[in-house]
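Notes for the structure review
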Amino acid sequence: MKLPRSSNHPSLDIIEIQPAQKKHAPLLFIHGANMSAWCWNEQFMPFFANLGHPCYALSLRGHGNSGGHQQLATNSIADYVTDVQRAVEQLEEPPILIGHSLGGLVVQKYIEHNVVPACVLLASVPADGMLPSLMDLAMYNPSFYTQLNLIQLLGTWSTAVDVARKAIFSGHVEDEVVIRYCAQMQPESPKALLDALWLGLPCKQNPFKIPMLALSADEDTFFRPEHIKETAKAYGADYVNMKETSHAMMLDSHWQQSADTIKNWLHQLQLETTPGQAPGTTYMVHH
């Protein structure tokens, strides 16, 4: 699916996988910094499509096959929220949003003014932004902090394989897999990263009481579990810390555990759908 360029916004690329038989609400995946829609198509999209979810993954402006690469440096979190809004408007029914890292922050900003059936935050930028996490990392591991800054600004293709593996993966991952993933990564917008530090932080509210799940990874080099737990608390979200899992939860060698946790949580939502309502409408979840 391709959303055409308008006078105000660049074209947007959305990859999709349709299930053999639709059984559940659609999912819209939003990638994090340095990535694009491809990262969801490796494992998560085939997995959830096989369960009966129509699956869509958006490449934010300036990423992947979407337009706007020449304006990447000036892209803001607000721009990315607009991209999500445009993508949602193309779907037949409101999707469940699944956002990773910087994409998780985009989801947090999106739900300030928009209603969706549910949303999932994977190793998300915390509600307090990236600054507390970066300060912790700079204090306790300054050399790795410097390497991670290079990853954010230049993309992991500019970084040694062992550093990229430590930053993104847990468990044993073959060098050729790390290299293949890193080759598809790219620089991120400095403006969006500044927004994630302090300029564009969320209001830390869930005004429409949207059911939310926040997953942390105990081997995450970017955001510690306690930061994600506080984010979950701010939104009244369910919280799970994934063991032996790293920041790139959808690509990690233990991706299946994260996918199963989301699957089970979504199944709980569907079990608690108000009788007579169709999937993808209003869910009630007990926290």
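Located above this text is the structure these notes cover.
A brief look at the structure comes next. Bear in mind the structure is a predicted one, so any value in this text is a computation, not a measurement.

1. Comments concerning the packing of helix α3 (residues 77-90) against helix α4 (residues 102-110)
Interaxial distance between α3 and α4 falls to 9 Å at its minimum, and their mutual angle equals 75 degrees. Classified by the interaxial angle, the pair formed by α3 and α4 is roughly perpendicular. Across from Ile77, Tyr80, Val81, Val84, Gln85 and Val88 in α3, the residues of α4 making contact are Leu102, Leu105, Val106, Lys109 and Tyr110. A breakdown of the residues in the contact of α3 with α4 according to their chemical character gives 9 nonpolar, 1 polar and 1 charged.

2. A closer look at the pairing of strand β7 (residues 212-217)
In terms of residue burial, β7 counts as a mostly covered element, since 6 of its 6 residues are buried. Where strand β6 (residues 119-122) lies against β7, 4 bridges are found, and the strand directions are parallel. Paired with Leu122 across the strands is Leu215, a residue of β7. Sheet topology note: the β7/strand β8 (residues 238-242) ladder contains 5 bridges and is parallel. If you follow Leu215 over to β8, its bridge partner there is Val240. Each parallel crossover has a hand, and for β7 linked through helix α10 (residues 225-235) to β8 it is right-handed.

3. A short note on the environment of Gly200
In this fold, Gly200 is placed in the loop between α9 (190-199) and β7. Once you skip the residues sitting within four places of it in the chain, Gly200 turns out to touch Lys109 and Asp195.

4. Focus: the packing of aromatic side chains
By the definition in use, this model includes 9 aromatic pairs. With a centroid separation of 5.7 Å and an interplanar angle of 35 degrees, the aromatic rings of Trp38 and Tyr181 are classed as tilted. One end of the pair, Trp38, is in helix α1 (residues 38-41); the other, Tyr181, is in helix α8 (residues 175-183), with 143 residues separating them in the sequence. A relative accessible area of 4% places Tyr181 in the buried class.

5. Brief notes about the environment of Ser59
Looking at the secondary structure, you find Ser59 in strand β4 (residues 55-59). Setting aside anything within four residues of it in sequence, one finds Ser59 in contact with Leu12, Asp13, His31, Ser36, Ala37, Gly64, Asn65 and Ser66. A distance of 3.0 Å separates a polar side-chain atom of Ser59 from the backbone nitrogen of Ala37.

6. A look at α8
Regarding α8, the residues found buried are Val178, Tyr181 and Cys182. The buried side chains of α8 occupy one side of the element, clustering within an arc of 95 degrees when seen end-on. In α8, the exposed residues that point more than 90 degrees away from the buried face are Glu176 and Ala183.

7. Quick notes on the sheet that holds strand β5 (residues 96-100)
Two modes of strand pairing occur in sheets, parallel and antiparallel, and in both the strands are linked by backbone hydrogen bonds. Spatial strand order, β1-β2-β4-β3-β5-β6-β7-β8: 8 strands in an open sheet with mixed pairing. Both outer strands of the open sheet, β1 (2-3) and β8, are each paired with one neighbouring strand and no more. Across the sheet, α4 lies against β3 (27-30), β5 and β6, angled at about 140 degrees from β5, the strand it touches most. Of the strands in this sheet, β6, β7 and β8 are in contact with α10, which crosses β7 at around 170 degrees.

Definitions and limits used
Residues numbered from 1 in each chain as written. Predicted model: local features only at pLDDT ≥ 70, side-chain atom pairs only at ≥ 80, totals over all residues. Heavy atoms only, no water. Axes fitted to C-alpha atoms, helices over the stretch in contact; angles between N-to-C directions. Helix = DSSP H or I, 4+ residues; strand = E, 2+ residues; numbered from the N terminus. Parallel < 35°, antiparallel > 145°, perpendicular 65-115°, else oblique. Contact = heavy atoms within 4.5 Å. Nonpolar A, V, L, I, M, F, W, Y, C, P; charged D, E, K, R; others polar. Buried < 20%, exposed > 50% of the residue type's maximum accessible area, 1.4 Å probe, protein only. Pairing = 2+ DSSP bridges. Right-handed = clockwise from strand over helix to strand, strands pointing away. Phe/Tyr/Trp six-rings, centres within 6.5 Å; stacked < 30°, edge-to-face > 60°. Polar contact = N/O pair within 3.5 Å; in protein donor to acceptor, adjacent residues only side chain to side chain. Arc of directions from axis to C-beta.

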